[in-house]
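# Analysis of the macromolecular model
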Amino acid sequence: MPDLPETKQLHKDMLVLLQMFDDICRKNGIRYSLHGGTLLGCIRDKGFIPWDDDIDVSMTREEYKKLKDVFEQTAFNDKFYLDYTTNRCPQLWLKQENRQPVWLDIFIWDFISEKIIPQKMKIVGLSFFLAFLKTERTMKLSTESKKYTGLKHLLILVGYGLGKLFSTDKKLQWADSFSKRITGSRILINRSNDLYAGMVIILSKEVMDNYEDREFEGKKLMVSSSYHDILTSSYGEDYLIPRKMSVNEKNTHSMARKTI
């Protein structure tokens, strides 16, 4: 994790990126919600968690398609761009002179079956694509962070090895196609491009039906009106009680920045 002065500068740049993203969404009728640590900071602290050094948002597949269309049809400067061709999780980037780049991760909600066996089948398939889509860089990060060991690490290596046989474009196409399948009655959703701990969280589609503005670093940004359900599913009922960043999170974020 960056030191305190550096983190403060990151937060300033991250807020610029968030405002740019919010402006684009509002101008084009795109609904999104702050997510993860960004949502937690918004609800608990009305701003960034002191040690947070990336931005998380989430949106439904339908809203993400609108956002992608905007970036494909609009000319933005080369320092502000949406990268959806190199990662399972699309990332919006802002690069500035003499400063570390900042990015915004976009997590996509897709429908998932309400029946247990089809649910498990979809989670297994999505988990496979996590490994299948790993790059040399992300595989190195996964190995060095020691987040997965033993059999889990071996399975990731197998998926990564198979993925090296195909182009990134083709793998992303297959992953997106699979994410839109096994939808059941379209009453439940999960984050199909999240890490495993996130994709296994299954909620009612209603959590992404309504939105409201919330204060964030003195600005008004969009959050799901069901933010309590979303935060509880990830952090537990006591999410309002501050916690420190885990050692694994610190190491992973620091290693990621060193390889940018």
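The residue numbers shown here count from 1 along each chain, following its written sequence. In view of the model being predicted, local features appear only for residues whose pLDDT reaches at least 70, and side-chain atom pairs are presented and counted only at 80 or more, with totals across whole chains, interfaces and linings using the full set of residues. To get the side-chain values, take all heavy atoms of the structure and skip hydrogens and water.

## Focus: unusual backbone geometry
Even without glycine at this site, Ile182 takes up a positive phi of about 55°. By definition, any uninterrupted DSSP run of H or I lasting at least four residues is a helix, any uninterrupted run of E lasting at least two residues is a strand, and each is numbered from the N terminus. Tracing the backbone shows Ile182 in the loop between α7 (168-179) and β6 (188-191). Phi is positive for Glu217, close to 50°, though the residue is something other than glycine. Per-residue accessibility, obtained with a 1.4 Å probe over protein chains only, is compared with the maximum for each type, and a residue is labelled buried under 20%, exposed over 50%, and partly exposed between these values. For Glu217, a relative accessible area of 36% puts it in the partly exposed group.

## Topic: the pairing of β6
Along β6, one buried face is formed by Leu188 and Asn190 and the opposite face, lined by Ile189 and Arg191, is buried too. Across four bridges, strand β5 (residues 102-112) lies against β6 in antiparallel orientation. When the sheet's bridge partners are listed, Trp109 is paired in β6 with Arg191. Relative to strand β7 (residues 203-204), β6 is paired through two bridges, and the arrangement is antiparallel. Its bridge partner lying in β7, Leu188 is registered against Ser204. Strands qualify as paired when DSSP identifies two bridges or more between them.

## Some words on the packing of helix α4 (residues 116-132) against α7
Where α4 meets α7, the closest approach of the two axes is 10 Å, and the angle between their N-to-C directions is 165°. On the basis of their axis angle, the class for α4 and α7 is roughly antiparallel. In this structure, α4 crosses over α7, and the sense of that crossing is left-handed. Here Met121, Lys122, Gly125, Leu126, Phe129 and Phe132 of α4 come into contact with α7, specifically with Lys171, Trp174, Ala175, Phe178 and Ser179. Just so you know the grouping, Ala, Val, Leu, Ile, Met, Phe, Trp, Tyr, Cys and Pro go in nonpolar, Asp, Glu, Lys and Arg go in charged, and all remaining residues, Gly too, go in polar. When grouped by side-chain class, the residues that make up the contact of α4 with α7 number seven nonpolar, two polar and two charged. Structural elements are reduced to axes, namely lines fitted to C-alpha atoms, with helices fitted over the stretch in contact, and the angle between N-to-C directions of any two is expressed from 0 to 180 degrees. Any angle that falls under 35 degrees is termed roughly parallel, while one over 145 is termed roughly antiparallel, one within 65 to 115 roughly perpendicular, and all others oblique. Helix crossings fall into two classes, left-handed where the near helix is turned counterclockwise from the far one by less than a right angle and right-handed where it is turned clockwise. The contact definition used throughout considers only heavy atoms, calling two residues in contact when any of these lie within 4.5 Å.

## Overview of the pairing of β5
Within β5, ten of the eleven residues are buried, which leaves the element mostly enclosed by the surrounding structure. The sheet contact formed by strand β2 (residues 55-60) and β5 spans six bridges and is parallel. Bridged to Thr60 within β5 is Trp109. As paired strands, strand β4 (residues 91-94) and β5 are joined by four bridges and run antiparallel to one another. Bridging from a neighbouring strand, Leu92 pairs with Leu104 of β5.

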